[in-house]
Amino acid sequence: MNEDYYELLGVSRDASQDQIKKAYRKLARTLHPDVNPDPDAAEKFKLVSQAYETLSNEEKRRMYDMGGGPGGMGGGGFGGFSDIFDMFTGGMGQRNAGPVPRTQRGGDLLQRVNVELADVIRGSEKTVRFTSAAVCPRCYGSCGEPDTKPVTCTVCKGQGHVQRVVQSLLGQMATVTVCSACQGHGDIIEHPCVECSGYGRVRDERELRVKIPAGAETGVRLRLRSEGEAGVAGGPSGDLFIEIHVERHPVFVREGDNLQTVLELPMTAAALGATITLETFDGPQEVVVPAGSQPGDEVRLRGLGVTGLSSGRRGDIRVSLKIVVPTKLNERQRELLSELATLRGEEKPESKVPEQGVFSWLRDKFNGR
Ligand SMILES: [Zn+2]
Ligand SMILES: [Zn+2]
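Residues numbered from 1 in each chain as written. Chains lettered and ligands numbered in written order. Predicted model: local features only at pLDDT ≥ 70, side-chain atom pairs only at ≥ 80, totals over all residues. Heavy atoms only, no water.

Concerning the coordination of the zinc ion (ligand 2)
The protein atoms that coordinate the zinc ion (ligand 2) are Cys153 (SG), Cys156 (SG), Cys179 (SG) and Cys182 (SG), at distances spanning 2.2 to 2.3 Å. Metal-centred angles of 102 to 116° between the four donor atoms at the zinc ion (ligand 2) mark the site as tetrahedral. Counting along the primary sequence, the residues that act as donors to the zinc ion (ligand 2) give the motif C-x2-C-x22-C-x2-C. (Donors = N, O, S within 2.8 Å, 3.2 Å for Na, K, Ca; no water. Tetrahedral: all angles 85-135°; square planar, octahedral: opposite > 155°, others 65-115°.)

Some points on the sheet that holds strand E15 (residues 317-324)
Strand order in the open sheet formed by four strands is E10-E11-E15-E14, with mixed pairing between adjacent strands. Among the strands making up the open sheet, the edge pair consists of strand E10 (253-255) and strand E14 (298-301). The mean inter-strand angle of the sheet, taken between neighbouring strand axes irrespective of direction, is 35°. Relative to E15, E14 runs antiparallel, the two sharing four bridges. Of the residues in E15, the one forming a bridge with Leu301 is Ile317. (Pairing = 2+ DSSP bridges. Helix = DSSP H or I, 4+ residues; strand = E, 2+ residues; numbered from the N terminus. Axes fitted to C-alpha atoms, helices over the stretch in contact; angles between N-to-C directions.)

Quick word on the sheet that holds strand E8 (residues 221-224)
Across the sheet, three strands lie side by side as E1-E9-E8; this open sheet has mixed pairing. Of all the strands in the sheet, the pair left with one neighbour each is strand E1 (109-115) and E8. With direction set aside, neighbouring strand axes in the sheet form an average angle of 25°. One ladder, built from four bridges, connects E8 with strand E9 (residues 240-246); its direction is antiparallel. Within E9, the position partnered with Leu224 by the bridge is Leu240.

Examining the coordination of the zinc ion (ligand 1)
Summarising the metal site, the zinc ion (ligand 1) is bound by the protein donors Cys136 (SG), Cys139 (SG), Cys193 (SG) and Cys196 (SG), whose distances to it range over 2.3 Å. Around the zinc ion (ligand 1) sit four donor atoms, and with donor-metal-donor angles ranging over 104 to 117° the site reads as tetrahedral. Every donor residue of the zinc ion (ligand 1) comes from the same chain, spaced as C-x2-C-x53-C-x2-C. Residue Cys139 is located in the loop between strand E2 (124-135) and strand E3 (151-152), and its partner Cys196 is located in the loop between strand E6 (187-188) and strand E7 (201-212); the two are separated by 57 residues in the primary sequence. A residue is classified by how much of its surface remains accessible, and Cys139, at 6% relative accessible area, is buried. Cys196 gets classed as buried once you look at its relative accessible area, which sits at 4%. (Buried < 20%, exposed > 50% of the residue type's maximum accessible area, 1.4 Å probe, protein only.)

Looking at the domain arrangement of the protein chain
Assigned domains of the protein chain: these are domain 1 (105-138 + 202-247) and domain 2 (253-366). Centre-to-centre separation of domain 1 and domain 2, based on C-alpha positions: 43 Å. Contact residues are listed per partner, giving 10 residues for domain 1 and nine residues for domain 2. Both sides of the domain 1 and domain 2 interface together cover about 880 Å² of buried area, and 62% of this is carbon and sulfur. In terms of surface lost to domain 2, no three residues of domain 1 exceed Leu117, Ile121 and Arg122, which account for 55% of the buried area on that side. Summed over the shared surface of domain 1 and domain 2, the number is one salt bridge. The partner of Arg122 in a salt bridge is Asp282, with the nearest N and O atoms 2.8 Å apart. Summed over the shared surface of domain 1 and domain 2, the number is six residue pairs in polar contact (both at pLDDT 80 or more). In the side of domain 1 that touches domain 2, the residues fall into seven nonpolar, one polar and two charged. (Domains from an automatic or database assignment. Contact = heavy atoms within 4.5 Å. Buried area = accessible area lost by both parts, 1.4 Å probe. Salt bridge = Lys/Arg side-chain N within 4 Å of Asp/Glu carboxyl O. Polar contact = N/O pair within 3.5 Å; in protein donor to acceptor, adjacent residues only side chain to side chain. Nonpolar A, V, L, I, M, F, W, Y, C, P; charged D, E, K, R; others polar.)

Regarding helix H3 (residues 39-55)
Taking 1.5 Å per residue as the helical rise, H3 with its 17 residues ought to reach 24 Å, and the 24 Å between its terminal C-alpha atoms agrees with that figure. Here H3 has its buried residues at Ala41, Phe45, Val48, Ser49, Gln50, Ala51, Tyr52, Glu53, Thr54 and Leu55. (Expected span 1.5 Å × (residues − 1).)

A few points about the packing of aromatic side chains
By the definition in use, this model includes four aromatic pairs. Taking 4.4 Å as the distance between ring centres and 20° as the angle between the ring planes, the aromatic pair formed by Tyr24 and Tyr52 counts as stacked. Residue Tyr24 is located in helix H2 (residues 17-31), and its partner Tyr52 is located in helix H3; the two are separated by 28 residues in the primary sequence. For the pair Tyr24 and Tyr52, one class covers both residues: buried. (Phe/Tyr/Trp six-rings, centres within 6.5 Å; stacked < 30°, edge-to-face > 60°.)

This is the structure we're talking about:
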């Protein structure tokens, strides 16, 4: 996610509801547009409010912790806002807060996309289908039925708040509270849109072509701005995050920008040398196995691996040789091998330690060399 909600509020990930509330209250006192005219502060206040909206709701908080993004359908709902507003005005005393707009930014979405190894060799495009919130096709986010307009609230006269004078021990005190007739919006939608019930957005199945960058690895997240949920009441859209998951390939295992594979070949081919055709992402390629190749030897096909995400250069294919000793010999084959052994003076092999020494041989074996 672009903003960490816990960081925004300055609380730890295991903060209690009480701590979260206190932290938000403190920030709101310095960032609220009524106190701080700086537009940066207003932007921050919006983010902080969004963070509070999510973290103060156990359900939404759990979703967020699981990486499901801050949104979810209705996640941007205005449900908790009047509480916050009450709390805020309560804390601030008689501040003169204007009407609260209905609009709110849509939630961010996180969508996992499975791609094949072939897709990230040079990069590709994928169609992603997902459910999101879209601008209501009937009211276009105005929340009211077509050809109707919100009417100014008669209780607060469009102010969004009402002032009451109460007698207290300290004398007369004016308190400002959110207008309950219009929930602080200053106007009332008398005829809510029947399609979206007055939220200005509806659930929608979407389809999007997404560019998969060359060299992307599992876990890489792409951010598509404004492709997330539509905002409430015509507010700006959230972002869409695409998390890439590269599926396993039956032949090639990725190691950075290189691809590794194993080629099985008979003992005779290893001794005599051979040229073997390997199907790669660049079509069939010749793997030249030199005469006298040993088990575990490697043949490299340069520049046929994965394109580096930042370097733009392609890695190699590394072919490890697995040399197979024949197990089922018929009479004739046994004869020929025995003859070969005799010719090479190998009929009676003696106990012999590898030239490089036992220790370093075993060490190399465990290191996979
Ligand atoms: Zn509508
Ligand atoms: Zn009102």
